[in-house]
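Each chain, letter by letter, is given below.
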Amino acid sequence: MKRIIVAIDGYSSCGKSTVAKALARHAGYTYVDTGAMYRAVALWAIEHQATEPEQIIPRLEEIHVSFLQTEDGQHTCLNGRDVEKEIRQLEVGNAASQISQIKEVRQYLVAQQQAMGKEKGIVMDGRDIGTVVFPKAELKLFLTASPEVRAQRRYDELKEKGQTPNYEDVLRDVNERDYRDTHRDESPLRQAEDAIVVDNSHLTREEQMEVIYDLFDRHK
Ligand code: DC
């Protein structure tokens, strides 16, 4: 059976990883969370107090990111250590947003991402997958939802975690991240010309997956 590459890009908090994981399961493909790779490099930088690009770039070869399949899903490892929990912290997400602007960091991780797709049969999500990592991917999806809907989802998630967020603050954060992601010099987030846009603002999870499974089944 033909195996393809599925590239999923889109704004933060629009459910890319949920979609990518579900589609990988549906297809029997490998899922690669590229955001986790940037987060792992950011964690290394925090732990080594390497705040400047000059402190990170010469030591990139010391940073090995891998994925471990466990009973409760895929865990990200940094130099063999399971860091799945740590990399999801807000502080690491903010640092990832900074280090992902460094050209050499991107080149280092993009080369690894391209190697992972050599055998195809992969679903990869991020910001530059359909434009830079796999410009020839057979299926490119660009997920989107309105900033208000994404802010509400994040607000609900934070509340569920026992935090007391302020909706206006969360919305401001969403808008700021969108701005940074789309305006950075290196590989800014943009829709590939041949990407299919899925706006999930008003779709349930089931409705969205139905649309996506159908697109996949028609492309494979
Ligand atoms: O998707 P995420 O929140 O886990 O991503 C963490 C950071 O990494 C985010 O600021 C955007 C950046 N990123 C990127 O620049 N390119 C990718 N392919 C994936 C993530």
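The structure presented is a predicted model; accordingly, all values stated were derived computationally and were not measured.

Assigned secondary structure in the protein consists of 10 helices and 8 strands. For the protein, whose C-alpha radius of gyration is 17 Å, the value lies close to the compact-globule estimate of 17 Å for 220 residues. A buried classification covers 47% of the 220 residues belonging to the protein. A fraction of 72% describes how many contacts in the protein between residues 6 or more apart in sequence connect residues 24 or more apart. As presented, the protein carries roughly 11700 Å² of accessible surface, and 48% of it is formed by carbon and sulfur atoms. For the protein, the distance from the average position of its 30 positive side-chain charges to the average position of its 38 negative side-chain charges is 3 Å.

A few words on the packing of aromatic side chains. Aromatic ring pairs are reported here in terms of the distance separating the ring centres and the angle at which the planes meet. Evaluation of the coordinates by the stated rule reveals 3 aromatic pairs. Summarising the aromatic geometry, the rings of Y11 and F142 are spaced 6.0 Å apart at their centres and angled 80° between planes, so their arrangement reads as edge-to-face. Of this pair, Y11 sits in the loop between β1 (5-10) and α1 (16-27) while F142 sits in strand β7 (residues 139-144), and the two are 131 residues apart along the sequence. For F142, a relative accessible area of 6% translates into the label buried. Aromatic side chains Y155 and Y167 sit 6.3 Å apart centroid to centroid with 75° between the ring planes, which places their arrangement in the edge-to-face category. Of this pair, Y155 sits in helix α8 (residues 147-160) while Y167 sits in helix α9 (residues 167-183), and the two are 12 residues apart along the sequence.

Turning to the environment of Y155, a few remarks are in order. What makes Y155 buried here is its relative accessible area of 17%. Counting along the chain gives 15 residues from Y155 to V170, while the straight-line C-alpha distance between them is 6.6 Å. If we skip the residues at most four places from it in the chain, Y155 touches P165, N166, Y167 and V170.

The environment of the ligand is formed by 14 residues, the closest being T34, R39, R106, D128 and R184. One of the side-chain N or O atoms of R39 is found 2.7 Å from an oxygen atom in the ligand. Here the ligand has 450 Å² of accessible area as a free molecule, and 93% of this is covered by the chains. Per-element accounting of the shell around the ligand gives the leading share, 4 residues, to helix α2 (residues 34-47). By residue class, the composition of the shell around the ligand is 2 nonpolar, 5 polar and 7 charged.

Helix α6 (residues 103-116) packs onto α2 with a crossing angle of 140° between their chain directions and a minimal axis gap of 11 Å. When the axes of α2 and α6 are compared, the pair comes out oblique. Along this stretch, α2 crosses α6, giving a crossing that reads as right-handed. When α2 is examined against α6, the residues T34, M37, Y38 and V41 are found in contact with a partner set consisting of V105, R106, L109, V110, Q112, Q113 and M116. For the contact of α2 with α6, the residue count by class is 7 nonpolar, 3 polar and 1 charged.

The subject of this paragraph is unusual backbone geometry. If you check the backbone angles, N79 has positive phi at about 45° while not being a glycine. Mapped onto the fold, N79 is located in the loop between β4 (73-78) and β5 (81-82). Although it is not a glycine, S187 adopts a positive phi angle of roughly 40°. By the secondary structure assignment, S187 is in the loop between α9 and β8 (196-199). For S187, a relative accessible area of 17% gives the class buried.

Moving on: the pairing of β4. In this sheet, β4 lies alongside strand β3 (residues 65-70) in antiparallel orientation, the contact comprising 6 bridges. Across the sheet, the residue bridging to S66 is C77, located in β4. Hairpin connection from β3 to β4: 2 residues lie between these consecutive antiparallel strands. Summarising the sheet, β4 and β5 pair through 2 bridges and their orientation is antiparallel. When the sheet's bridge partners are listed, C77 is paired in β5 with D82. Between the antiparallel neighbours β4 and β5 lie 2 residues, among them N79 with a positive phi of about 45°.

The rules behind the values
Residues numbered from 1 in each chain as written. Predicted model: local features only at pLDDT ≥ 70, side-chain atom pairs only at ≥ 80, totals over all residues. Heavy atoms only, no water. Helix = DSSP H or I, 4+ residues; strand = E, 2+ residues; numbered from the N terminus. Rg over C-alpha atoms; globule rule 2.2 N^0.38 Å. Buried < 20%, exposed > 50% of the residue type's maximum accessible area, 1.4 Å probe, protein only. Contact = heavy atoms within 4.5 Å. Areas by Shrake-Rupley, 256 points an atom, 1.4 Å probe, with all protein chains shown as cover. Lys, Arg positive; Asp, Glu negative; His and termini not counted. Charge placed at Lys NZ, Arg CZ, Asp CG, Glu CD. Phe/Tyr/Trp six-rings, centres within 6.5 Å; stacked < 30°, edge-to-face > 60°. Near = heavy atom within 4 Å. Polar contact = N/O pair within 3.5 Å; in protein donor to acceptor, adjacent residues only side chain to side chain. Nonpolar A, V, L, I, M, F, W, Y, C, P; charged D, E, K, R; others polar. Axes fitted to C-alpha atoms, helices over the stretch in contact; angles between N-to-C directions. Parallel < 35°, antiparallel > 145°, perpendicular 65-115°, else oblique. Left-handed = near helix turned anticlockwise from the far one by under 90°. Pairing = 2+ DSSP bridges.

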